[in-house]
Each structure stands twice: as structure tokens, then as C-alpha cells.
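If you want the building blocks of each chain, they are given just below.
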Amino acid sequence: MQQDNRCRAHYLIGGIHLVLDYPLSLLVCSKLGGFSCFSYKGVPVDSPGDINIELFSSNEAPEASAAGDELCRLTLPVGQTLGSEIYHLQVKNSGTAAGELRADLSKSNNKVFCEIRGDLSPGSLAFALWIVYAFYGIGKMRVPIHSSAVVCNNFALLFLGESGIGKSTQASLWLRHIAATKALNDDSPVLSIGADGKTYVYGSPWSGKGRVYLNESYPVAAFVRLEQGSDNHIVRVHKLEAFRALFPSFPPQFMQFDHFEECACNIISVLIGSIPVYKLRCLPCVDAAILTHSAVFNNKEGV
């Protein structure tokens, strides 16, 4: 699968140096919205990264899709057992266009060869890169977490919850009504726990419909798990409930495997030991934002 006329792009995302090597003919790479904001400037073009991804176009036809097919599969190859070093990744296009990416991921090797079959969409490629990033990052205490993140007074607040619960709505209320607030990421910011145990959240190129590509990092003030309700009520939860609030926001593709589940649990244990977690039952109104701001930033136990 050797191909000439290749290009190398360097990105620094959540403190992880990601190198993307691809043929110039693979035009999908030029359509990765948001990645340019995370370009790693001043790095020699041949420098290796923490994660090294090589893309190759294949003449193989993509696997036929059917209604209800999974768009992403992370599996152990046939003959391997749970806990194996090798995992197989397959990401398919959504919609009718036929295209897919296939790769083998190894916990002991940070170089990934990705086979592109058919007309892979930019969204599918970005999602595949998200999976690869999470695969290698979670063991380094750096992981993308499904949330909407805003920054207020130089501290980050992360809204958690299922898709459609109102994370983006609450974030937008803060942007409109809470002073000194800005958006950091609207879908998948990166949590990072340093060697000193301090937790920061980074913007990332995976920001959903909000398209907020801010290449900055901030200490985390609090996590807020959302519930829809007929009134506005916020409460800080104890550690067991805090664990339950955080766990569903970690990459679900990995939680079927013991190694990654253990990594997620280790990260969450650190988080709930130092950062408050709240449950917010709320309406989509400004009062919910004001109530949350008061609970987080006027509480001495918060920041």
C-alpha cells in the first residue's frame, strides 16, 4: 500500500502530539474542520509524535452497510482473547455514501496504519481520529469526555448528560447571561490529569454542531450532570453518585474492555476526589444558569 506524494501534519491536542501522514490524493484530509486550530507550529516535519497515524487509500471496496449497522466497531480479532494487545477498528460513513476506515490498534505501539476504502467522509475520518486519540490517551490520564464546556473567570465548567438533554442549551445560557464566560468546546473537550494530580480541560477539534475550536486549557471548577425537570434545582452529590454521573460520559466504545474500563475508573477516582460534581434539574431558562453559577462559584468548597 506504499503511496508517493505524501504530506505530514502535526497537531497538539490536549498535550498529546498527533502526527497525521497521508497521500495528497486523499482530499478528505483537507476537510478536517477545526484541526487547523491545533496545528503544532515549529515542529520538524519528520518529528515523531505521541500518536503516529498513516492513512492509505485502498482498492478494496467498503463493506456494504445495512440499516441498523454500527458505524463504529472496536473488536478483538478472531483468535484473540480479552486483554489482548491488538484491537481492530472499523468506522463507516453514515448516510448512503459508501466509505470506511480500518485499522489495528496496539497498546504497545503508537504507530497506526489506517486503510481507507471508498469515499470516506470528513466526519467519519474525524471520528476515527477521535477513537484513536482516546485509545492511546486514556492510559495517559488524558481522555475526550462527552460534554459541553464553558469557561468563567478562568475556570472550566463541564455540562454532562445524554445527547439532547440540554448541554448546549445550558452552555448558551451562560454565554448570554453570565459575565466573563466563553465557550471552550461543545461536544468532546479533553480532560487531562497531570503528574501533580491537577485536572485541566482542553479544547479539541471534535466540537460537534457548536464548532468551537479553542486551543486553550483551564483548570476544572466543577462537573454538572443535567436532568430535565419542571423547576430548577441543583445539589452537590456524594462520591458514589458523582462516579455514576461521570462514567457515562467516557468513550463508550472502550467500556466493553476491562483495560479501558479500569483506566476510566482510575481517572474518575482522581476527579471526584478533588472536583465537585453537581446534579442540575432544570428548565432551559436563564434562572438555571444563575443558580448553577451561584452554586459553583459562590461555594467555598467549589473553586
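Computed from a predicted structure; not experimentally measured. (Residues numbered from 1 in each chain as written. Predicted model: local features only at pLDDT ≥ 70, side-chain atom pairs only at ≥ 80, totals over all residues. Heavy atoms only, no water.)

**Topic: the overall build of the chain**
Assigned secondary structure in the chain consists of five helices and 16 strands. A compact globule built from 303 residues would reach a C-alpha radius of gyration of about 19 Å, and the chain, at 20 Å, matches this within 12%. The principal-axis extent of the C-alpha atoms belonging to the chain is close to 60 × 40 × 40 Å. In the chain, the share of contacts with a sequence separation of at least 24, taken over all contacts with a separation of at least 6, comes to 66%. When the accessible surface of the chain is summed, it comes to about 13900 Å², and 51% of that surface belongs to carbon and sulfur atoms. When the 25 basic and 27 acidic side-chain charges of the chain are each reduced to a single mean position, those positions are 6 Å apart. (Helix = DSSP H or I, 4+ residues; strand = E, 2+ residues; numbered from the N terminus. Rg over C-alpha atoms; globule rule 2.2 N^0.38 Å. Contact = heavy atoms within 4.5 Å. Areas by Shrake-Rupley, 256 points an atom, 1.4 Å probe, with all protein chains shown as cover. Lys, Arg positive; Asp, Glu negative; His and termini not counted. Charge placed at Lys NZ, Arg CZ, Asp CG, Glu CD.)

**Section: the side chain of K92**
Mapped onto the elements of the fold, K92 is located in strand 5 (residues 86-92). Side-chain polar atoms of K92 contact the side chain of E63, separated by 3.0 Å. Leaving out residues up to four positions away in the same chain, K92 has contacts with E63, A64, S65, D69, E70, L71, R73, G99, E100 and S124. (Polar contact = N/O pair within 3.5 Å; in protein donor to acceptor, adjacent residues only side chain to side chain.)

**Things to note about the pattern of salt bridges**
In total, this model carries 15 salt bridges according to the counting rule given. R225 is the partner of E162 in a salt bridge, and the nearest nitrogen-oxygen pair spans 2.7 Å. One end of the pair, E162, is in the loop between strand 10 (155-160) and helix 2 (167-177); the other, R225, is in strand 14 (residues 217-228), with 63 residues separating them in the sequence. On the basis of relative accessibility, which here comes to 8%, the residue R225 falls in the buried class. K279 is paired through a salt bridge with E241; the nearest N and O atoms lie 2.6 Å apart. (Salt bridge = Lys/Arg side-chain N within 4 Å of Asp/Glu carboxyl O. Buried < 20%, exposed > 50% of the residue type's maximum accessible area, 1.4 Å probe, protein only.)

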